[in-house]
Amino acid sequence: GAGVSQTPSNKVTEKGKYVELRCDPISGHTALYWYRQSLGQGPEFLIYFQGTGAADDSGLPNDRFFAVRPEGSVSTLKIQRTERGDSAVYLCASSLVNGGEQFFGPGTRLTVL
Amino acid sequence: KQEVTQIPAALSVPEGENLVLNCSFTDSAIYNLQWFRQDPGKGLTSLLLIQSSQREQTSGRLNASLDKSSGRSTLYIAASQPGDSATYLCAVITTSGTYKYIFGTGTRLKVLA
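Here's a quick rundown of the structure. (Residues numbered from 1 in each chain as written. Chains lettered and ligands numbered in written order. Predicted model: local features only at pLDDT ≥ 70, side-chain atom pairs only at ≥ 80, totals over all residues. Heavy atoms only, no water.)

### Quick look at the overall build of chain B
Item 1. Within chain B, the secondary structure is distributed over zero helices and 11 strands.
Item 2. Counting from the amino terminus, chain B carries its helices and strands in the arrangement β-β-β-β-β-β-β-β-β-β-β.
Item 3. In summary, chain B has a C-alpha radius of gyration of 13 Å against a globular reference of 13 Å for 113 residues, a match within 12%.
Item 4. Its C-alpha atoms put chain B at 45 × 30 × 20 Å along the principal axes.
Item 5. Relative to its 113 residues, chain B shows a buried fraction of 43%.
Item 6. For chain B, the share of sequence-separated contacts (at least 6 apart) that also reach a separation of at least 24 residues comes to 55%.
Item 7. Split by element, the accessible area of chain B, about 5300 Å² in all, is 48% carbon and sulfur.
Item 8. Separation between the mean location of the 10 positive side-chain charges and that of the 8 negative ones in chain B comes to 6 Å. (Helix = DSSP H or I, 4+ residues; strand = E, 2+ residues; numbered from the N terminus. Rg over C-alpha atoms; globule rule 2.2 N^0.38 Å. Buried < 20%, exposed > 50% of the residue type's maximum accessible area, 1.4 Å probe, protein only. Contact = heavy atoms within 4.5 Å. Areas by Shrake-Rupley, 256 points an atom, 1.4 Å probe, with all protein chains shown as cover. Lys, Arg positive; Asp, Glu negative; His and termini not counted. Charge placed at Lys NZ, Arg CZ, Asp CG, Glu CD.)

### Quick look at the interface of chain B and chain A
Item 1. If you look at the interface, chain B gives 20 residues, while chain A gives 22 residues.
Item 2. Here chain B and chain A share an interface that buries about 1500 Å² over both sides, 55% of which is from carbon and sulfur atoms.
Item 3. Sorting the residues of chain B by area buried against chain A places L44(B), Y99(B) and K100(B) first, and these three jointly supply 32% of that buried surface.
Item 4. Our count for the contact surface shared by chain B and chain A stands at one salt bridge.
Item 5. Across the pair D56(A) and K100(B) runs a salt bridge whose closest N-O atoms are separated by 3.6 Å.
Item 6. Summed over the shared surface of chain B and chain A, the result is eight residue pairs in polar contact (both at pLDDT 80 or more).
Item 7. Here the element with the most residues in the side of chain B that touches chain A is strand β4 (residues 30–38) of chain B; it accounts for five residues.
Item 8. Along the lines of polarity and charge, the residues of the side of chain B that touches chain A split into nine nonpolar, nine polar and two charged. (Buried area = accessible area lost by both parts, 1.4 Å probe. Salt bridge = Lys/Arg side-chain N within 4 Å of Asp/Glu carboxyl O. Polar contact = N/O pair within 3.5 Å; in protein donor to acceptor, adjacent residues only side chain to side chain. Nonpolar A, V, L, I, M, F, W, Y, C, P; charged D, E, K, R; others polar.)

### Focus: the state of the cysteines
Residues and elements named next belong to chain A.
Item 1. Summed over the entire model, instances satisfying the criterion amount to two disulfides over all chains.
Item 2. Sulfur-sulfur distance for the disulfide between C23 and C92 comes to 1.8 Å. In this structure, the disulfide formed by C23 and C92 twists by about -65 degrees around the S-S bond and is classed as left-handed. With C23 in strand β3 (residues 19–24) and C92 in strand β9 (residues 88–95), the pair connects residues that are 69 residues apart, well separated along the chain. (Disulfide = S-S within 2.5 Å.)

### With respect to the side chain of S94(A)
All names here are of chain A.
Item 1. Along the polypeptide, S94 turns up in strand β9.
Item 2. Taking the relative accessible area as the measure of exposure, S94 reaches 0% and is therefore buried.
Item 3. Filtering out sequence-adjacent residues up to four positions away, S94 remains in contact with V4, P25, I26, H29, A31, L32, Y33, E101, Q102 and F103.

### A short note on the layout of surface pockets
Item 1. What the largest pocket holds in volume is close to 630 Å³.
Item 2. In this structure, the largest pocket is lined by 27 residues; those nearest its centre are Q37(A), L39(A), G40(A), Q38(B) and G41(B).
Item 3. Counting only elements with at least two residues in the lining of the largest pocket, the list comes to β9 and β11 (108–112) of chain A together with β9 (86–94) of chain B.
Item 4. Counted by class, the lining of the largest pocket contains nine nonpolar, 14 polar and four charged residues.
Item 5. Reported here for the second largest pocket is a volume of approximately 480 Å³.
Item 6. Around the second largest pocket, the lining comprises 22 residues; the ones closest to its centre are E44(A), K1(B), Q2(B), I102(B) and F103(B).
Item 7. A per-class count over the lining of the second largest pocket returns eight nonpolar, 10 polar and four charged. (1 Å grid on protein atoms, 1.4 Å probe; cavity = no way out; pocket = protein on both sides within 12 Å on 5 of 7 lines; lining within 4 Å. Points joined across faces, edges and corners; volume = space filled by probe spheres on them.)

This is how it looks when you write it as structure tokens:
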């Protein structure tokens, strides 16, 4: 595709539910990043993939959060037992090479009621 | 631990003014620095990427400079227009970590017609 795409654009769920957020990176980009942005703040790093493997997951807040990238392209961020504090915009980015220019998707706005 | 600060937090200027946005970082060992623009409710749009070996980058009315020794970058916008109104974010990758970005909290710019 022309750019990074994320689905859904909006997700409203109830506390305790499970959600999956999807990211389609730019074709051919080997690196994929997930960030989380709260209102009025800059994005905060969650996890970074190089190919299929998670090169750095130090930003995941706890074990309720998990992400996969099984074929080195599409990635899914999974959140179990959602809490109201998980409400934020989840951003995905990709880059052609490690440390290269990162291109961001439009984000998924997650609201936990 | 790398910390990124952006000053001012908000800025309002009349159309046509030249303006400077500031970004400071505490760890000068950076791999690169990238400036982004974010419109309300949208994802991030890449403006300029400066590699650690570079001093500046230019694109149209935008010029970004980098001074690693002092831990500073500036984004210069010439002849500002109402369409430039947005939040501007800077982000750095440090050489001591993986290729994740550490973001500032942004400068919210409003250009008045």
